[in-house]
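Structure assessment
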Amino acid sequence: MAGADRAALPDGAAPWGVTGVTGVTGVTGVTGVTGVTGARSGGRGTSGGGMRERGHGVTSPPRGDPSMPQVPASHCAPLRPTALRPPAPRLSPPPSAAREPGGLLSADRLGGRAAGCQDDAVGNTMGNVTVRRLDLGYFVRPASETGTSQPRVEPVLAYLVRHGKGLILFDTGVGDADAETEAHYRPRRRALEDALSAAGVGLDDISVVVNCHLHFDHCGGNPFLGGRPVFVQEAELEAARGGGHTFDHLIDFPGATYEVAAGEAEVWPGVWIIPTPGHTQGHQSLVLRQDDGTVVLAGQAHDVASHFDSEQLARRAALDGVEEPVPPYRPWLDRLMDFDPRRVLFAHDCSIWEPPQTRS
Ligand SMILES: [Zn+2]
Ligand SMILES: [Zn+2]
């Protein structure tokens, strides 16, 4: 990794004032846990950094959640430069709606905070849990995938969760890709070790890893964390090993150890993984539940906070009995909102969703 890349990404550990999570009490409706089963890597080892898929050897950006046509499609890795080579088999249906122009909504509209993508203490200090955002770089999504005439630069964000039982790392950054993918997305990586160091910890301090999904821009640092349990959904791991989803060397590396969940699971007390399929079938979010406010690490459940906001408003309208037509929302949103989140954080958006009002 080029030093220049890292130099472009300041190590500003500048916690913002953590406010706005006052007087929050209670979380409702926590039910339906399914078992978590351990699964160690089959020992296939690394792929040597070359092409990653079995079979056709082609990856294609996912094309969004077919069940939710009103939601702009998600397009992170697996990454395939569609503009640079002939069409190849798609891995998922094309979007039925173009991406909304304009990208992010402002923090003001969201009720969140405007902030750069520096490392930040976010989410709050909640009992014995704190959340710190890690800036792991960015990539340039080409115009062909933004639904606009312009490319868009998107951050790559991970989250470090300090819990009484240890440190959880939610996502690990952009992994090594092939030349084609590199040229297509032009990622600028910040070394995971550097980001952790800025947060005062080392790779060896990480207890467990949770990946929202296994596209290469989310699990790139996993090989540096061999031996640590990696919590994933069964469907996601199956997809990752099925070819055309990610790069093999990021999945089956020495010491790879997976804790495979088929549905919800409480990883540690107050720490839940909740399936949030759409971007990928095995996508999951992490819920950090504390007495003074729940924080959700939503990964790429939505590309940007504004999309999450739109959906939760659609749900609100539905629950209020607003007459049709009202837009649909993803079923798992009911489950996430059961936790009464005070903040929802994302993998590719520095904006943070907060509810329109806090309870007193
Ligand atoms: Zn993805
Ligand atoms: Zn992504």
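Residues numbered from 1 in each chain as written. Chains lettered and ligands numbered in written order. Predicted model: local features only at pLDDT ≥ 70, side-chain atom pairs only at ≥ 80, totals over all residues.

The name given to the protein chain in an unreviewed UniProt entry is Metallo-beta-lactamase domain-containing protein, with Streptomyces labedae as the source organism. Check the Sequence similarities (unreviewed entry) section of the UniProt entry for the protein chain; it says "Belongs to the metallo-beta-lactamase superfamily." (UniProt positions renumbered as here; feature names shortened; annotations may be inferred.)

Side note on the sheet that holds strand 12 (residues 284-288)
Taken in spatial order, the 5 strands line up as 10-11-12-13-14 in an open sheet, and their pairing is mixed. Where the open sheet ends on each side, the last strands, each with one partner, are strand 10 (265-268) and strand 14 (341-345). Put simply, the sheet's adjacent strands are angled 25 degrees from each other on average, direction ignored. (Pairing = 2+ DSSP bridges. Helix = DSSP H or I, 4+ residues; strand = E, 2+ residues; numbered from the N terminus. Axes fitted to C-alpha atoms, helices over the stretch in contact; angles between N-to-C directions.)

Concerning helix 7 (residues 305-319)
Counting along an α-helix, one turn takes 3.6 residues, and residues three or four places apart therefore face a common direction. An ideal rise of 1.5 Å per residue puts 21 Å on 15 residues; helix 7 measures up with 21 Å between its terminal C-alpha atoms. All of the buried residues along helix 7 are A305, S306, H307, F308, D309, E311, Q312 and R315. Within two residues after helix 7, G321 carries a phi angle of roughly 80 degrees, on the positive side. (Expected span 1.5 Å × (residues − 1). Buried ≥ 20, exposed ≤ 12 C-beta atoms within 10 Å, placed from the backbone.)

Notes on the nonpolar core
The tendency in soluble globular proteins is for nonpolar side chains to be buried side by side. Within the largest apolar cluster, 68 residues are counted, with the highest numbers of intra-cluster contacts made by Y159, F170, F231 and I273. If sequence neighbours within four positions are ignored, F231 has contacts with V208, V209, V210, E259, A261, V267 and I273. (Core = buried A, V, L, I, M, F, W, Y, C linked by C-beta atoms within 7 Å. Contact = placed C-beta atoms within 7 Å.)

Overview of the pairing of strand 8 (residues 229-233)
In terms of burial, strand 8 is largely enclosed, as 4 of its 5 residues are buried. As paired elements, strand 7 (residues 208-210) and strand 8 share 2 bridges and run parallel to each other. Opposite V209, over in strand 8, you have V230 as the bridge partner. Both strand 8 and strand 9 (residues 257-261) contribute to a ladder of 5 bridges, which runs parallel. Its bridge partner being in strand 9, F231 is matched across the sheet by E259. Considered for its hand, the β-α-β crossover made up of strand 8, helix 6 (residues 234-241) and strand 9 is right-handed. (Right-handed = clockwise from strand over helix to strand, strands pointing away.)

Comments concerning the pairing of strand 12
The two faces of the sheet receive side chains in turn, since in a regular strand these alternate between them. Within strand 12, 5 of the 5 residues are buried, which leaves it mostly tucked inside the rest of the structure. The alternating pattern of strand 12 places Q284, L286 and L288 and S285 and V287 on opposite faces, both of which are buried. Sheet analysis places strand 11 (residues 271-275) next to strand 12, joined by 5 bridges and oriented antiparallel. Bridge pairing in strand 12 links P275 to Q284. Inspection of the sheet shows strand 12 paired to strand 13 (residues 294-297) by 3 bridges, in the antiparallel sense. Considered in strand 13, the bridge of V287 is made with V296.

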